[in-house]
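# Commentary on secondary and tertiary structure
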Amino acid sequence: MVVKSALVFVVVAVLLTYYCNEPVPLDIAHPTQFASFGVVMRTVWNMAILGDYLGVGTEPQNLRYILGSLIGAAQRVKGTSYREGLDCRDTMFNRVRVRVYEPVSVAKSGAKVPGLVYIHGGGWVMLSVDVFDELTARVARELGIVVVSVEYRLAPEHLFPAAFDDCVAATKFFLQNAELYNVDRTRIGISGDSSGGNLAAAVTLALVKEKGLPKLKTQALIYPALQALDFNTPSYTDHGHLNTLSKEKMISYWLWYLNNNSSFKEVLGANNHTSEQLKKSQYAGYVDHKMVRPNLRPKVVTPIKKESIKFPEIPNVATILDPRFAPLMADDDDLKDLPPTFVMTCEYDVLRDDGVMYATRLRKAGVRVEHDHYERAFHGFLPQNDVNEVAETAVQNYISYLKKNL
Ligand SMILES: *[C@@H]1O[C@H](CO)[C@@H](O)[C@H](O)[C@H]1NC(C)=O
Ligand SMILES: *[C@@H]1O[C@H](CO)[C@@H](O)[C@H](O)[C@H]1NC(C)=O
Ligand SMILES: *[C@@H]1O[C@H](CO)[C@@H](O)[C@H](O)[C@H]1NC(C)=O
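Small disclaimer: the values here were computed from a predicted structure and weren't measured. (Residues numbered from 1 in each chain as written. Chains lettered and ligands numbered in written order. Predicted model: local features only at pLDDT ≥ 70, side-chain atom pairs only at ≥ 80, totals over all residues. Heavy atoms only, no water.)

### Looking at the overall build of the protein chain
If you tally the helices and strands in the protein chain, you get 15 helices and 8 strands. Expressed along its principal axes, the backbone C-alpha trace of the protein chain runs to roughly 75 × 55 × 40 Å. In the protein chain, which comprises 406 residues, the proportion classed as buried is 55%. Across the protein chain, contacts joining residues at least 24 apart in sequence account for 73% of those joining residues at least 6 apart. Accessible surface computed for the protein chain: about 18000 Å², of which carbon and sulfur atoms make up 57%. Seen as two clouds, the 44 positive and the 44 negative side-chain charges of the protein chain have centres 3 Å apart. (Helix = DSSP H or I, 4+ residues; strand = E, 2+ residues; numbered from the N terminus. Buried < 20%, exposed > 50% of the residue type's maximum accessible area, 1.4 Å probe, protein only. Contact = heavy atoms within 4.5 Å. Areas by Shrake-Rupley, 256 points an atom, 1.4 Å probe, with all protein chains shown as cover. Lys, Arg positive; Asp, Glu negative; His and termini not counted. Charge placed at Lys NZ, Arg CZ, Asp CG, Glu CD.)

### Describing the pairing of strand S2 (residues 96-103)
Most of S2 sits inside the fold, with 7 of its 8 residues counted as buried. Strand direction decides the pairing type here: strand S1 (residues 86-93) and S2, joined by 8 bridges, are antiparallel. Each bridged residue has a counterpart across the sheet, and for Leu86 the counterpart in S2 is Pro103. Counted between consecutive antiparallel strands, the loop separating S1 from S2 contains 2 residues, among which Asn94 sits at a positive phi close to 55°. When S2 meets strand S4 (residues 146-151), the two strands line up antiparallel, connected through 5 bridges. The residue bridging Val100 from the neighbouring strand is Val148, located in S4. (Pairing = 2+ DSSP bridges.)

### Overview of the sheet that holds strand S7 (residues 341-348)
Taken together, 8 strands build an open sheet; the order of strands is S1-S2-S4-S3-S5-S6-S7-S8 and the sheet is mixed. On the outer flanks of this sheet lie S1 and strand S8 (369-378), each paired with one strand and no other. The mean angle between the axes of side-by-side strands here comes to 20°, regardless of whether they run parallel or antiparallel. In this sheet, strand S6 (residues 219-222) lies alongside strand S5 (residues 183-193) in parallel orientation, the contact comprising 4 bridges. What sits directly across from Asp193, in S6, is Ile222. Contacting S1, S2, strand S3 (113-119), S4 and S5, helix H6 (residues 162-176) runs over the sheet at an angle of about 155° to S5. Set on the sheet, helix H14 (residues 352-364) makes contact with S6, S7 and S8; between it and S7 the angle comes to about 145°. (Axes fitted to C-alpha atoms, helices over the stretch in contact; angles between N-to-C directions.)

### A few points about the environment of Gly55
Within the element layout of this structure, Gly55 appears in the loop between helix H2 (31-53) and helix H3 (59-78). As for Gly55 and Ala202, which are separated by 147 residues in sequence, their C-alpha atoms are 35 Å apart.

### A short note on the site of ligand 2
Taken together, Asn261, Ser263 and Phe264 form the complete shell of residues around ligand 2. One of the side-chain nitrogen or oxygen atoms of Asn261 is found 2.3 Å away from an oxygen atom of ligand 2. One of the side-chain N or O atoms of Ser263 is found 3.4 Å from an oxygen atom in ligand 2. The protein chains hide 26% of the 360 Å² of surface that ligand 2 would expose on its own. (Near = heavy atom within 4 Å. Polar contact = N/O pair within 3.5 Å; in protein donor to acceptor, adjacent residues only side chain to side chain.)

### Quick word on the site of ligand 3
Near ligand 3, the surroundings consist of Glu266, Ala270 and Asn272. Within the complex, the protein chains bury 30% of what would otherwise be the 360 Å² of accessible surface of ligand 3.

### Looking at the environment of Gly197
Checked against the element boundaries, Gly197 lands in helix H7 (residues 195-208). The buried category is assigned to Gly197, whose relative accessible area is 0%. For the pair formed by Gly197 and Lys403, sequence separation is 206 residues and the distance between their alpha carbons is 19 Å. Setting aside residues up to four positions removed in sequence, Gly197 forms contacts with Gly192, Leu221, Pro224 and Leu226.

### Focus: the packing of helix H5 (residues 133-143) against helix H15 (residues 389-405)
Relative orientation of the contacting elements H5 and H15 amounts to 50°, with a least axis distance of 11 Å. Our classification of the angle between H5 and H15 gives oblique. Crossing handedness for the pair H5 and H15: right-handed. Along its contact with H5, which presents Leu135, Arg138, Val139, Glu142 and Leu143, the element H15 presents Glu392, Val395, Gln396, Tyr398, Ile399, Leu402 and Lys403. Residues that form the contact of H5 with H15 fall into these classes: 7 nonpolar, 1 polar and 4 charged. (Parallel < 35°, antiparallel > 145°, perpendicular 65-115°, else oblique. Left-handed = near helix turned anticlockwise from the far one by under 90°. Nonpolar A, V, L, I, M, F, W, Y, C, P; charged D, E, K, R; others polar.)

### Section: the nonpolar core
The biggest cluster of nonpolar side chains holds 134 residues, and the ones touching the most others in it are Met250, Tyr253, Tyr358, Phe381 and Tyr398. Broken down by element, this core gets its largest block of residues, 9 residues, from H6. (Core = buried A, V, L, I, M, F, W, Y, C linked by side-chain atoms within 4.5 Å.)

### Comments concerning the state of the cysteines
Throughout the structure, instances matching the rule amount to 0 disulfides. Counting only cysteine sulfurs, Cys88 is the nearest neighbor of Cys167, a cysteine outside any disulfide, at a range of 20 Å. (Disulfide = S-S within 2.5 Å.)

### Topic: the pairing of S8
Relative to S8, S7 runs parallel, the two sharing 7 bridges. Bridging from a neighbouring strand, Tyr348 pairs with Phe378 of S8. Each parallel crossover has a hand, and the one from S7 via H14 to S8 is right-handed. (Right-handed = clockwise from strand over helix to strand, strands pointing away.)

By themselves these figures say nothing about function.
Pasting the structure below:
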């Protein structure tokens, strides 16, 4: 009996060790936390896939449910004392659900303050305004400004451009009705993390062209996803195996947003969704690896018309060149009018180079850019600022950027 139990114990321990054996970069801040986050993400994904296989729900539905429940439980333990001094209301801006955080002191004094639109991350398929409640409340409280957090529609139930359309509609409503919230309409910025950074960048590009609207004062992009043209950038190649956000999962998110057909994962992963012609066009220049690896030779490209580019048979694939979907695909002419920009990137992140390339191209186009790069950090580290001082420093730097630029 004892021998049998001991045997079971050893087998379980070996399996657990194997399962929890996360690849951990040597210089990462808080290796244990990084490894646990990776194991949690991997487990959640595996449960979501298993659920789909058993017919319990689709992968994105299961992801949403499992992560939502885990985070919700943690938040209930923590409470919402961080909302003190804020009036938080769920309401609608142009038929889009939003949460408005207004410091009570602002409503009392009637003075006009700056505003910020925040667009949450979650691969366009999951998470919510609730998950980012603490960060958005903190920004409103510490800066004494009004924050609007957007509950945009999620993929794959709502494919591109639904999320983009919602974020544009909510942002426009805020710009047009700022006074109702004691906000100075000339001092409204936009921000978001990960897929929310994608949407914030896309909205900023779109609104620059709108006449008769106040201009956005700044955009602040936190480890944003900005392109689906090249899944072999140095950061995808170097860090695609990390479970905090692997190359495979990032491609799954893009596909759910694009066409909800995961059978193209391998094709995208091999960059086979782009033709030889496209790989030599100006668009390839927009993701030139030289921006990340200065000792490379610049890519030789030939400008071609978007309409004449050929694609393989993948539903909606031409959308990868649409800046509303992939802001890094915007032409230089469209970049030059963008407001001052903040870009945060992490070393251990497949999306690192998306951010580095956008910062580089914006600077070249004459836009003022502040680029914060965290060498020892990973994708999604920001909300772990309670226990990770690098994340806390990053939050403070982000808030102080907003303070100076709103
Ligand atoms: C997305 O595709 C999956 C797999 O083909 C399917 O089960 C699911 O119903 C689709 N979801 C939507 C919202 O179309
Ligand atoms: C996804 O694409 C594959 C390959 O073109 C096709 O066979 C399949 O029917 C598609 N799935 C859905 C749910 O549209
Ligand atoms: C990608 O294309 C190359 C060259 O045509 C081919 O050898 C390879 O099998 C393709 N891979 C995938 C995953 O489509």
